[in-house]
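The residues making up each chain are set out below.
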Amino acid sequence: MGLEELGLDAQEEAVYRALVARPFATAEELGGDGARAVLEALAERGLASREAGGGGRYAPAPPALALGAELAAHRARLRRAEAAVAELVEAYRTGDLARERRELVEVLEGREHIRQRFLQVRLSAEKSIDLLFTGDPRAVGAEAGERERAVVAPGVHMRGVVDRGFLNEPGAAERLGESLRDGDGGEVRFVEEIPLRLMICDDERAMLPLRGRGGEGDGGAGGSTDGGADGGADGGAVPCVVLRGGLVGVARALFEATWERARPYAEPHFEIGELDARILRLLLSGHTDAAVAGKLDLSSRTVQRRIHALMRQAGVTTRIQLGWHARHQEWI
């Protein structure tokens, strides 16, 4: 089909196509009484005509003439609609100063609003996405979950910097490993700590939390981060901002400085499993055996047993030597 945009319903289009393929046909030849009513409707629109003395036969009007006028009118309506949209866009862009400021800085509050805008900004990327990932709870799109990767368009180059806080989160290393194995052109680097989460898309938009580490009222990495800004069900969501225009350059400078001092991230070494790699990361970041056990939902005895097994595997006698060996052999 395809003529519904010109005002023909499915039955009218089917009968007209049949008549074009079989000129001077009768209603019976085209489908009986139902076709006769449709043919009369087509005749009223100038798409068909009854042949004089033709024994109830119908002839199709030439498509170029019969449909050309309607097609031209349809195009004219589209041009008018495009002009109206362009006028609205121009009116929006040339609004008052307050509107211009809102275009440069958009403040987002509420967990659902932040999540929706995160996905919209990410989906808008056509060339590049640069991200800083941190375990700090001031998160950009922290609830997006597995949908994050699904909305990246093909051909978009991604760079990311993660810190130890992010790698200590459950499942973080596995997600990074999957991303590296996908071979989608992504690059990942690692630093001990980054100030906040950040996303930059095409150097046109940047999204980041309104407060970074140490922000007023943040309550520390494990405390309340809302500062009373949200309330209700969204009480734990820290407001975020979307930057546009020249302000994106500030976010770009932060990302590039972090990227330059970061080192390449490598997946856990094949000689040890992911659980042992996570234990080592937590130990090297200063966690006690009990804290490691709590984060990984293990018993302290299991943690100690796996540490001793790693020491035997590395051929060392102290935990300091184990840490040096793990770094030197790129176990983590």
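Worth saying up front: this structure is predicted, and the values here are computed from it rather than measured. Along each chain, numbering runs from 1 in the same order as the chain's sequence is written. Local features in this predicted model are restricted to residues whose pLDDT is 70 or higher, and side-chain atom pairs enter the listing and the counts only when it is 80 or higher, whereas totals over whole chains, interfaces and linings include all residues. Remark: hydrogens and water are excluded; side-chain values derive from all non-hydrogen atoms of the structure.

Visitor: Sorry if this is basic, but what is going on with the pairing of strand 10 (residues 240–244) here?
Guide: A regular strand places its side chains on the two faces of the sheet in alternate fashion. Three exposure classes are used, based on accessible area relative to the maximum for each residue type with a 1.4 Å probe and protein chains only: buried under 20%, partly exposed in between, and exposed over 50%. Going along the chain from the N terminus, every DSSP run of H or I of four or more residues is numbered as a helix, and every run of E of two or more is numbered as a strand. The element strand 10 is largely enclosed, with a buried count of four among its five residues. In this description, strands pair whenever DSSP reports at least two bridges between them. Sheet topology note: the strand 4 (residues 105–108)/strand 10 ladder contains four bridges and is antiparallel. Looking at strand 10, one finds that Glu 106 is bridged to Val 242. Taken together, the five bridges between strand 9 (residues 205–209) and strand 10 define a ladder with antiparallel strand orientation.

Visitor: Honestly, the packing of helix 12 (residues 274–284) against helix 15 (residues 319–328) in this entry has me stumped. Any pointers?
Guide: For any two helices packed against each other, one specifies the inter-axial angle together with the distance between the axes. Direction vectors running N to C along helix 12 and helix 15 enclose 115°, while the axes themselves pass 11 Å from each other. In the crossing of helix 12 with helix 15, the sense of the turn from one axis to the other is left-handed. Contacts between helix 12 and helix 15 pair Leu 280, Leu 283 and Leu 284 from the former with Arg 319, Leu 322, Gly 323, Ala 326 and Arg 327 from the latter. Classifying every residue of the contact of helix 12 with helix 15 gives five nonpolar, one polar and two charged. To obtain each axis, a line is fitted to C-alpha atoms, and for helices this fit is confined to the stretch in contact; angles are then taken between N-to-C directions over 0 to 180 degrees. Throughout, a crossing is termed right-handed when the near helix is turned clockwise from the far one, and left-handed when it is turned anticlockwise from it by less than a right angle. Contacts: residue pairs with any heavy atoms within 4.5 Å of one another. Residues are grouped as follows: Ala, Val, Leu, Ile, Met, Phe, Trp, Tyr, Cys and Pro are nonpolar; Asp, Glu, Lys and Arg are charged; every other residue, Gly included, is polar.

Visitor: So what exactly am I meant to see when it comes to the packing of aromatic side chains here?
Guide: Remark: the centre distance and the inter-plane angle together describe each pair of aromatic rings, the angle taken between the planes. A pair of Phe, Tyr and Trp rings is counted when the ring centres sit within 6.5 Å of each other, with Trp represented by its six-membered ring. The angle between the planes then sorts it: under 30 degrees is stacked, over 60 is edge-to-face, the rest tilted. Applying the stated rule across the entire model yields one aromatic pair. Residues Phe 255 and Trp 259 carry aromatic rings whose centres are separated by 5.9 Å and whose planes lie at 20° to one another, so their mutual orientation is stacked. With Phe 255 and Trp 259 both in helix 11 (residues 248–261) and four residues apart, this pair spans about one turn of that helix. Like Trp 259, Phe 255 is buried. For Arg 159, the ring lying beneath its charged end belongs to Trp 259, and the centroid distance is 4.8 Å. Two conditions define a charge sitting above a ring: the NZ of Lys or the CZ of Arg must be within 6 Å of the ring centre, and it must be within 35 degrees of the ring normal.

Visitor: Is there a simple way to explain the packing of helix 12 against helix 13 (residues 289–296) in this structure?
Guide: At a minimum axis distance of 10 Å, the contact between helix 12 and helix 13 shows a crossing angle of 135°. As far as their axial angle goes, helix 13 and helix 12 are oblique. Relative to helix 13, the crossing made by helix 12 is right-handed. Along its contact with helix 12, which presents Leu 275, Arg 278, Ile 279, Leu 282 and Leu 283, the element helix 13 presents Asp 289, Val 292, Lys 295 and Leu 296. Split into classes, the residues belonging to the contact of helix 12 with helix 13 amount to six nonpolar, no polar and three charged. When describing relative orientation, an angle under 35 degrees is termed roughly parallel and one over 145 degrees roughly antiparallel, while 65 to 115 degrees is termed roughly perpendicular and anything else oblique.

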